Amino acid sequence: MNVSSVSSLSVNTTPTSTKDESVDQDYLALIAQFYQAEEYKSRDEINEEDTSLSKFKDDLISKGAAVFLKELNEEKIEAMVEEYRQKLLKEQAENPDKPMDINQMVSDFRKQLLEELMEAQKTEEENKSAENTTLMSSDILKNIQATRNDEQTSGLADTGFLEQMLSLSNKNSEEKQDEVKG
């Protein structure tokens, strides 16, 4: 479609927005004819219309995160096992002379997948605990650094804790002696 054919089109649609005097109404009608504007919907409205998302939310709320994740992993494993079974059946059909114990092979594959899942969960837990330890260590280091910075600005870092306590008690006793004498 070229420019001359676009300009020769009859403009039958009127824009749904209010009339803006700064823009030619014919131009707006032409744009509206080619680009149909959809009504604005917020993310919440879009999410409310999504049935799979609402099913996911309902499952998560009713089952809890741990049970939901367990069932999700089981579904994934079963899908992989079924795919492997189909592959073996196809292979057996192509090579009927080759002896295969499909049930045993599928069982072994399922065990292997479960072991891999357990190892992955174990590794994830170890990484989380190491991350938590690292976070705690970094928090402790930050606190120590902040304390040192505070001590340096107050001048307390030059004297030890015991010296500080003795100097405070000496000041208190001197003040009491001055009150008694005075």
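This structure is a prediction, so every number in the text was calculated from the model and none was measured. (Residues numbered from 1 in each chain as written. Predicted model: local features only at pLDDT ≥ 70, side-chain atom pairs only at ≥ 80, totals over all residues. Heavy atoms only, no water.)

Student: Describe in detail helix 5 (residues 65–94), supporting the description with residues and values.
Tutor: Along its 30 residues, helix 5 runs 44 Å from first to last C-alpha, staying within 8% of the 44 Å computed at 1.5 Å per residue. Looking at helix 5, one finds that the buried residues are F68, N73, I77, V81 and L88. (Helix = DSSP H or I, 4+ residues; strand = E, 2+ residues; numbered from the N terminus. Expected span 1.5 Å × (residues − 1). Buried < 20%, exposed > 50% of the residue type's maximum accessible area, 1.4 Å probe, protein only.)

Student: Describe in detail the nonpolar core, supporting the description with residues and values.
Tutor: I77, V81, L88, M100, I102, V106, F109 and L113 together form the largest nonpolar core, which totals eight residues. Every element with two or more residues in this core is listed here: helix 5 and helix 6 (102–154). Apart from residues no more than four positions distant in its own chain, L88 is found in contact with M100, I102, M105 and V106. (Core = buried A, V, L, I, M, F, W, Y, C linked by side-chain atoms within 4.5 Å. Contact = heavy atoms within 4.5 Å.)

Student: Give me the pattern of salt bridges: which residues, what numbers.
Tutor: In this structure the tally under the stated criterion is eight salt bridges. In this structure, K70 and E74 form a salt bridge, with 3.3 Å as the shortest nitrogen-oxygen distance. Of the two residues, K70 and E74 both sit in helix 5, four residues apart, roughly one turn of that helix. Assessed through its relative accessible area of 53%, K70 is described here as exposed. A salt bridge links E91 to K98; the shortest N-O distance between them is 3.3 Å. (Salt bridge = Lys/Arg side-chain N within 4 Å of Asp/Glu carboxyl O.)

Student: Can you tell me about the confidence of the model for the chain, naming the residues and giving the values?
Tutor: As a general rule, the predicted coordinates of low-pLDDT regions are not to be interpreted in detail. Considering every residue of the chain, the mean pLDDT works out to 77; 70% of them sit at 70 or more. Mean pLDDT values for the elements of the chain range from 46 in helix 1 (residues 3–8) up to 90 in helix 5. (pLDDT = per-residue confidence, 0-100.)

Student: Tell me about the packing of aromatic side chains, and name the residues and values.
Tutor: Within the structure shown, the criterion is met by two aromatic pairs. Consider the rings of F56 and F68, whose centres lie 5.2 Å apart with planes at 75°: the pair is edge-to-face. Of the two residues, F56 is situated in helix 4 (residues 51–63) and F68 in helix 5; the sequence distance between them amounts to twelve residues. In this structure F68 comes out as buried when scored by relative accessible area, which is 15%. (Phe/Tyr/Trp six-rings, centres within 6.5 Å; stacked < 30°, edge-to-face > 60°.)

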